[in-house]
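# Coordinate inspection notes
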Amino acid sequence: MCFIETFGFVLVLEAADAMIKAADVELVGYENVASGYISVLMQGDVSACIAAVEAGVKAVENMGAEVYSSVVIPSPHPDLIKITQLYNFDNLLP
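Residues numbered from 1 in each chain as written. Predicted model: local features only at pLDDT ≥ 70, side-chain atom pairs only at ≥ 80, totals over all residues. Heavy atoms only, no water.

### Things to note about the sheet that holds strand 2 (residues 26-34)
As a general point, the strands of a sheet are linked pairwise by backbone hydrogen bonds and lie either parallel or antiparallel. Ordered by their spatial adjacency, 4 strands build an open sheet running 2-3-1-4, and the pairing between neighbours is antiparallel. Two strands close off the open sheet at either side, each with one partner strand: strand 2 and strand 4 (67-72). Taken pair by pair, the neighbouring strands of this sheet meet at an average axis angle of 15 degrees, ignoring direction. By the bridge criterion, 5 bridges tie strand 1 (residues 2-7) to strand 4 in an arrangement that is antiparallel. Counterpart to Cys2 in the pairing with strand 4 is Val72. Contacts from helix 1 (residues 9-22) reach strand 1, strand 2 and strand 3 (37-43) within the one sheet, and its direction differs from that of strand 3 by about 15 degrees. (Pairing = 2+ DSSP bridges. Helix = DSSP H or I, 4+ residues; strand = E, 2+ residues; numbered from the N terminus. Axes fitted to C-alpha atoms, helices over the stretch in contact; angles between N-to-C directions. Contact = heavy atoms within 4.5 Å.)

### Details of the pairing of strand 3
Most of strand 3 is tucked away, with 5 of its 7 residues classed as buried. Where strand 1 meets strand 3, 6 bridges bridge the pair, whose relative direction is antiparallel. Looking at the pairing, Glu5 lines up with Ser39 of strand 3. The antiparallel hairpin formed by strand 2 and strand 3 contains 2 residues in its connecting segment, where Ser35 sits at a positive phi of about 50 degrees. (Buried < 20%, exposed > 50% of the residue type's maximum accessible area, 1.4 Å probe, protein only.)

Here it is, written out as C-alpha cells:
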C-alpha cells in the first residue's frame, strides 16, 4: 500500500499517472484532504509501491512542485482496510 499527497488536482493526477506507468500498482482511490491537498492511494507489492512512489515524487518535482508527504506501508495491518475503503472509488463515485 502506498500514498502520495500533494497540492492540487493537476499535480496529483500527474503523480498517479507516473505511479501507474512505472510499476504494477492499482489505483485504489483518492481523498481531498484539506485546503487543496489531495492524497492518492495505490496498492501493490512492496517493490512496486516503492518504484511507484519514487516515480510519482519525481513527476511532481519535474513540474516544479513538492510532494507534501508519501509513504509505503509494507504488509499493512488488515484493519487499515477499514480506513482505506472509505476512499475507494466505489464509495466516492455515484
